[in-house]
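Listed below are the residues making up each chain.
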Amino acid sequence: MFALLNSLVRPVFNAAKVSSITLQQPSSILVRGLMKTHKGAAKRWRKTASGYKRAKAGKNHGNAGWSKQYLKGLGGKTANDKTHTKRLKRLLPYH
């Protein structure tokens, strides 16, 4: 009886040993590349708590004839438009 069971069980274990595949870890370590900061955007934009800000344009030259009130309005900072947020996140990944 034991010989019969032994003959039935033994081929199953032998088949398991033959069909088993050992999985190996990859030899090289895959590392995700770092994103580069766009330096032109980094010089023009600053990160804030709610988005990004930049200086207003149009006050460097050609200002003769404009009122002081108009030129004063060109000074200071302005927030980004919502349509630029996705692009700025890609251009400034670490800011």
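Above this text you will find the structure in question.
Keep in mind that what you see is a predicted model, and the values were worked out from it rather than measured. (Residues numbered from 1 in each chain as written. Predicted model: local features only at pLDDT ≥ 70, side-chain atom pairs only at ≥ 80, totals over all residues. Heavy atoms only, no water.)

A count of helical and extended segments in the protein gives four helices and three strands. Beginning at the N terminus, the succession of helices and strands in the protein can be written as α-α-β-β-α-β-α. Considering only contacts in the protein between residues 6 or more positions apart, those separated by 24 or more positions represent 56%. (Helix = DSSP H or I, 4+ residues; strand = E, 2+ residues; numbered from the N terminus. Contact = heavy atoms within 4.5 Å.)

Right, let's talk about the nonpolar core for a bit. Judged by nonpolar contacts, Ala-41, Ala-42, Trp-45, Tyr-52, Leu-88 and Leu-92 together constitute the single largest core of six residues. Contacts of Leu-92, omitting those with residues within four sequence positions, involve Thr-37, His-38, Ala-41, Ala-42, Trp-45 and Tyr-52. (Core = buried A, V, L, I, M, F, W, Y, C linked by side-chain atoms within 4.5 Å. Buried < 20%, exposed > 50% of the residue type's maximum accessible area, 1.4 Å probe, protein only.)

Here we take up a nonpolar patch on the surface. Together, Leu-34, Met-35 and Tyr-94 line one region of the surface with nonpolar side chains, adding up to about 370 Å² of accessible area. Among the structural elements, Leu-34 can be located in the loop between helix 1 (2-19) and helix 2 (39-44). Judged by relative accessible area, Leu-34 falls into the exposed class, the value being 75%. (Patch = residues over 30% accessible without salt bridge, like charges linked within 9 Å, V, L, I, M, F, W, Y side chains within 5 Å. Areas by Shrake-Rupley, 256 points an atom, 1.4 Å probe, with all protein chains shown as cover. Salt bridge = Lys/Arg side-chain N within 4 Å of Asp/Glu carboxyl O.)

By the element assignment, Lys-56 lies in the loop between strand 2 (52-55) and helix 3 (68-73). Along the primary structure Lys-56 and Thr-78 are separated by 22 residues, whereas in three dimensions their C-alpha atoms are 6.3 Å apart. Leave out the neighbours within four places in its chain, and Lys-56 touches Gly-73, Leu-74, Gly-75, Gly-76, Lys-77 and Thr-78.

Quick look at the packing of aromatic side chains now. A full pass over the atoms with the stated rule returns one aromatic pair. Ring centres 4.6 Å apart and planes at 25° place the aromatic pair Trp-66 and Tyr-70 in the stacked group. For Trp-66, a relative accessible area of 48% translates into the label partly exposed. Just above the ring of Tyr-52 sits the side chain of Lys-47; from NZ or CZ to the centre is 5.1 Å. (Phe/Tyr/Trp six-rings, centres within 6.5 Å; stacked < 30°, edge-to-face > 60°. Lys NZ or Arg CZ within 6 Å of the ring centre and 35° of its normal.)

Bringing the sheet that holds strand 3 (residues 77-79) into the picture now. Spatial strand order, 1-2-3: three strands in an open sheet with antiparallel pairing. Every interior strand has two partners, whereas the edge strands, strand 1 (45-47) and strand 3, have only one. On average, each strand axis in the sheet is inclined to that of its neighbour by 35°, with strand direction left out of account. Inspection of the sheet shows strand 1 paired to strand 2 by three bridges, in the antiparallel sense. (Pairing = 2+ DSSP bridges. Axes fitted to C-alpha atoms, helices over the stretch in contact; angles between N-to-C directions.)

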